[in-house]
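Listed here are the chains, written in short residue letters.
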Amino acid sequence: YRRALAAALSATEIDPRLDNFLLALKTTGLAVADNRLDDPSLILTLNDLRARAGFGSLSFADRWRVEGELLGVLANAPDPDAEVNYGVTFRDGAIALADTMLAELDPADPALRSLPVTRVFNLLNRLHLDNGDCPSIVASSRRAIELAPALAMNWASQRTLLLEWGDCLSRMSGIGDGRSLDAFVADSTQQTQLRQDWADYASALKTAEAN
């Protein structure tokens with residue numbers, strides 16, 4: 001792994017283009033999958049990536065794709081609770097990276113359709129699910145559905161996100177805990193944030209009715 005990674009990193013220095021950075025991340029991913037984390041040259045954080053010569057000269061779309069490869073490495077680590085960097089777990093590092101990547105997007109940019117944005121949202125929801133973090137799933141799903149037209153997101157992907165969103169709202173609302181429908185509605189309407197979350201969900205479903 002050390003020799004393979006050294007060769008891949010040398011390639012990025014000789015020719016800092018998209019394919020070579022992706023190769024370096026794929027090599028890092030193989031090392032992580034085999035739990036070989038003793039090489040200090042592994043690219044395991046966004047800072048590691050940005051420190052590589054030539055990375056900053058890539059186009060926004062290419063940088064975003066490389067960051068997405070890093071996200072996959074972190075999100076698919078065999079032990080998500082292992083530390084990737086100074087008390088930060090692989091799972092937490094992946095969540096932070098996904099949040100950073102999504103914050104960089106401009107809904108008005110037509111290039112969004114060519115980026116693997118839906119994959120990032122799906123990975124982020126999976127990571128939040130592992131944490132049992134329904135409020136974060138609601139927030140990320142809402143954001144994904146808002147971006148769906150700009151991404152030209154297919155209906156199957158939208159449906160998955162809407163189902164995850166609705167499932168978490170149901171859990172947060174206590175549906176199925178034995179209360180009557182009237183009691184459930186009365187309790188939910190008294191919670192300002194939950195009421196707003198349901199209103200946002202109803203609005204998103206209304207938009208999706210054509211599908």
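Note: the structure precedes this text.
Now for a look at the structure at hand. (Residues numbered from 1 in each chain as written. Predicted model: local features only at pLDDT ≥ 70, side-chain atom pairs only at ≥ 80, totals over all residues. Heavy atoms only, no water.)

## Let's talk about the pattern of salt bridges
Enumeration over the complete set of coordinates arrives at 13 salt bridges. Residues D200 and R142 are paired through a salt bridge, measuring 3.2 Å at the closest nitrogen-oxygen approach. On the criterion of sequence distance, the pair formed by D200 in helix α10 (residues 192–208) and R142 in helix α7 (residues 134–151) is long-range, its members being 58 residues apart. What makes R142 buried here is its relative accessible area of 19%. Linked by salt bridges that have partners in common, R2, D38 and D39 make up one network. (Salt bridge = Lys/Arg side-chain N within 4 Å of Asp/Glu carboxyl O. Helix = DSSP H or I, 4+ residues; strand = E, 2+ residues; numbered from the N terminus. Buried < 20%, exposed > 50% of the residue type's maximum accessible area, 1.4 Å probe, protein only.)

## Details of unusual backbone geometry
Positive phi, close to 45°, is recorded for Y86, a residue that is not glycine. With respect to the secondary-structure elements, Y86 resides in the loop between β1 (83–85) and β2 (88–89).

## Topic: helix α1 (residues 2–14)
The end-to-end C-alpha distance of α1, which contains 13 residues, comes to 18 Å, matching closely the 18 Å that a straight helix rising 1.5 Å per residue would cover. Residues L5, A8, L9, A11 and T12 constitute the buried set of α1. Mapping the buried residues of α1 onto a view down its axis gives an arc of 150°, with all of them on the same face. Residues R3, E13 and I14 are exposed on α1 and point more than 90 degrees away from its buried face. Residues of α1 that are buried make contact with α2 (18–33). (Expected span 1.5 Å × (residues − 1). Arc of directions from axis to C-beta. Contact = heavy atoms within 4.5 Å.)

## Overview of the state of the cysteines
Scanning all chains against the criterion turns up one disulfide. A disulfide bridge connects C134 with C168, and the sulfur atoms are separated by 2.3 Å. Torsion about the S-S bond of the C134 and C168 cystine: about -75°, corresponding to left-handed handedness. Taken as a pair, C134 in helix α7 and C168 in helix α8 (residues 155–173) lie far apart in primary sequence, 34 residues in all. The burial state of C134 is the same as that of C168; both residues are buried. (Disulfide = S-S within 2.5 Å.)

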